[in-house]
Amino acid sequence: MQIGRFTTRGRLTIPAVIRKRLKIRKGMKLVFREEDGQVIVTPLDKNYFHRLAGILGTKGEMMNGLMREKRRECEL
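1. Quick word on the layout of surface pockets
In this structure, the largest pocket spans a volume of roughly 150 Å³. In terms of lining residues, the largest pocket is bounded by G4, L12, T13, I14, P15, I18, L22, I24, V39, I40 and V41. Counting only elements with at least two residues in the lining of the largest pocket, the list comes to β2 (12–13), α1 (16–22) and β4 (38–43). A per-element tally of the lining of the largest pocket places β4 first, with 3 residues. A class-by-class count of the residues in the lining of the largest pocket yields 9 nonpolar, 2 polar and no charged.

2. Overview of unusual backbone geometry
The backbone phi angle of K23 is positive, close to 55 degrees, even though this residue is not glycine. Relative to the elements of secondary structure, K23 occurs in the loop between α1 and β3 (30–35). Since its relative accessible area comes to 61%, K23 is described here as exposed. Even without being glycine, D36 reaches a positive phi, approximately 50 degrees.

3. Here's the deal with the pattern of salt bridges
Tallied over the full model, the rule gives 2 salt bridges. Here K29 and E73 are joined by a salt bridge, their closest N and O atoms 3.1 Å apart. Of this pair, K29 sits in the loop between α1 and β3 while E73 sits in helix α3 (residues 61–75), and the two are 44 residues apart along the sequence. Accessibility expressed as a relative area gives 30% for E73, which makes it partly exposed. For R33, the salt bridge is made with E35, and the minimal N-O distance between the two is 2.1 Å. Accessibility expressed as a relative area gives 36% for R33, which makes it partly exposed. A relative accessible area of 38% means that E35 is categorised as partly exposed.

4. Thoughts on the pairing of β4
Pairing of β3 with β4 involves 6 bridges; the strand directions are antiparallel. Note on β4: the bridge partner recorded for F32 is V41. Linkage of β3 to β4, two consecutive antiparallel strands, is achieved through a turn of 2 residues, within which D36 is found at a positive phi near 50 degrees.

5. Brief notes about the environment of I40
Looking at the element boundaries, I40 is found in strand β4. Between the C-alpha atoms of I40 and L30, which are 10 residues apart in sequence, the distance is 9.9 Å. Setting aside anything within four residues of it in sequence, one finds I40 in contact with V31, F32, R33 and E35.

Criteria and thresholds
Residues numbered from 1 in each chain as written. Predicted model: local features only at pLDDT ≥ 70, side-chain atom pairs only at ≥ 80, totals over all residues. Heavy atoms only, no water. 1 Å grid on protein atoms, 1.4 Å probe; cavity = no way out; pocket = protein on both sides within 12 Å on 5 of 7 lines; lining within 4 Å. Points joined across faces, edges and corners; volume = space filled by probe spheres on them. Helix = DSSP H or I, 4+ residues; strand = E, 2+ residues; numbered from the N terminus. Nonpolar A, V, L, I, M, F, W, Y, C, P; charged D, E, K, R; others polar. Buried < 20%, exposed > 50% of the residue type's maximum accessible area, 1.4 Å probe, protein only. Salt bridge = Lys/Arg side-chain N within 4 Å of Asp/Glu carboxyl O. Pairing = 2+ DSSP bridges. Contact = heavy atoms within 4.5 Å.

Honestly, it's all geometry; don't read function into it.
Take a look at the structure:
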């Protein structure tokens, strides 16, 4: 078990062991969601969008929009 810590500014320190295992790098975005009273943290990467494809029945339109947005962010 690894323990992180919140600062007074609401910043979370993710232990280095977990960052390395999940390949979380400086500047990478993370998705925070709550399920059954627990916080689930997921790295926001290309695979994240592929896992979401089709969940809303939009035939990939949502994923395509998210991928365009991600590409624009990378260009900046």
